[in-house]
Amino acid sequence: MHQEIILGIDPGTRITGYGVIAFHASMQPLDFGCIRPPPDLPLAMRYKIIFEAIEALIDKFSPTAVAIESQFVLKNAQSAIKLGMAKGMALLAAARRGIAVYEFAPTQAKLAVVGRGGASKSQVQKMMQTLLQLPHPPEPEDASDALSLAICCFHKLRSEACLNPSKGR
């Protein structure tokens with residue numbers, strides 16, 4: 001069994017969470033945190049910062065897959081558009097490197113790590129601490145969410161490999 005490295009991304013224009021996990025015999029967190037473009041910059045510059053930071057993470061860790069939180073419909077159309085643009089930066093960074101992208105709803109990621117799609121953010125943080133054997137819950141919540149996306153993606157890829165062994169995973 002070879003090592004899988006998955007980069008999870010929780011996109012946002014103010015805070016984009018990321019989490020990188022290596023999967024082999026066990027799960028090993030390689031890095032997690034957030035990208036925080038200065039809020040006083042024009043949106044185009046904030047998107048550029050997000051894009052370049054995600055590219056740097058891809059270059060550093062060479063993930064085999066990128067897991068991104070799928071967009072949910074917000075009441076405010078402008079907020080939904082801005083969030084979609086931040087997500088687009090992650091999609092573009094992965095596409096430029098030829099990396100497979102998987103999208104998951106927040107409820108799917110919560111279900112994969114906590115066992116309940118309606119779990120609270122603090123429950124996700126505590127479960128990430130437990131599963132990844134971290135001394136403290138990952139901060140901020142966006143980083144914890146990104147880690148949960150990576151784990152959700154790993155479970156999906158493992159299930160696909162079990163159902164279709166010819167895929168070579």
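Note that this is a predicted model, so its numbers are computed, not measured. (Residues numbered from 1 in each chain as written. Predicted model: local features only at pLDDT ≥ 70, side-chain atom pairs only at ≥ 80, totals over all residues. Heavy atoms only, no water.)

Under the definition given, this model contains 6 salt bridges. A salt bridge links Glu52 to Lys48, with the nearest nitrogen and oxygen atoms 2.9 Å apart. With Glu52 and Lys48 both in helix α1 (residues 43–61) and 4 residues apart, this pair spans about one turn of that helix. A residue is classified by how much of its surface remains accessible, and Glu52, at 40% relative accessible area, is partly exposed. Accessibility expressed as a relative area gives 41% for Lys48, which makes it partly exposed. Here Arg97 ties to Asp59 by a salt bridge, and the two come within 2.9 Å at their closest N and O atoms. You can see Arg97 sitting in the loop between α2 (77–96) and β5 (100–104) and its partner Asp59 sitting in helix α1, a full 38 residues away along the chain. For Arg97, a relative accessible area of 32% translates into the label partly exposed. Judged by its relative accessible area of 47%, Asp59 is partly exposed. (Salt bridge = Lys/Arg side-chain N within 4 Å of Asp/Glu carboxyl O. Helix = DSSP H or I, 4+ residues; strand = E, 2+ residues; numbered from the N terminus. Buried < 20%, exposed > 50% of the residue type's maximum accessible area, 1.4 Å probe, protein only.)

Among the 7 residues in strand β1 (residues 4–10), 7 count as buried, and that is most of the element. Burial along β1 is two-sided: the face carrying Glu4, Ile6, Gly8 and Asp10 and the face carrying Ile5, Leu7 and Ile9 are both buried. Relative to strand β2 (residues 16–23), β1 is paired through 7 bridges, and the arrangement is antiparallel. Residue pairing in the sheet places Gly8 in a bridge with Gly19 of β2. Between the antiparallel neighbours β1 and β2 lie 5 residues. (Pairing = 2+ DSSP bridges.)

Right, let's get into the packing of α1 against α2. Packing of α1 against α2 leaves a shortest axis separation of 9 Å and a crossing angle of 35 degrees. Handedness of the crossing formed by α1 with α2: right-handed. Between α1 and α2, the contacting residues are Leu43, Tyr47, Ile50, Phe51, Ile54, Glu55 and Ile58 on the first element and Lys82, Met85, Ala86, Met89, Ala90, Leu92, Ala93, Ala94 and Arg96 on the second. Grouping the amino acids of the contact of α1 with α2 by side-chain chemistry returns 13 nonpolar, no polar and 3 charged. (Axes fitted to C-alpha atoms, helices over the stretch in contact; angles between N-to-C directions. Left-handed = near helix turned anticlockwise from the far one by under 90°. Contact = heavy atoms within 4.5 Å. Nonpolar A, V, L, I, M, F, W, Y, C, P; charged D, E, K, R; others polar.)

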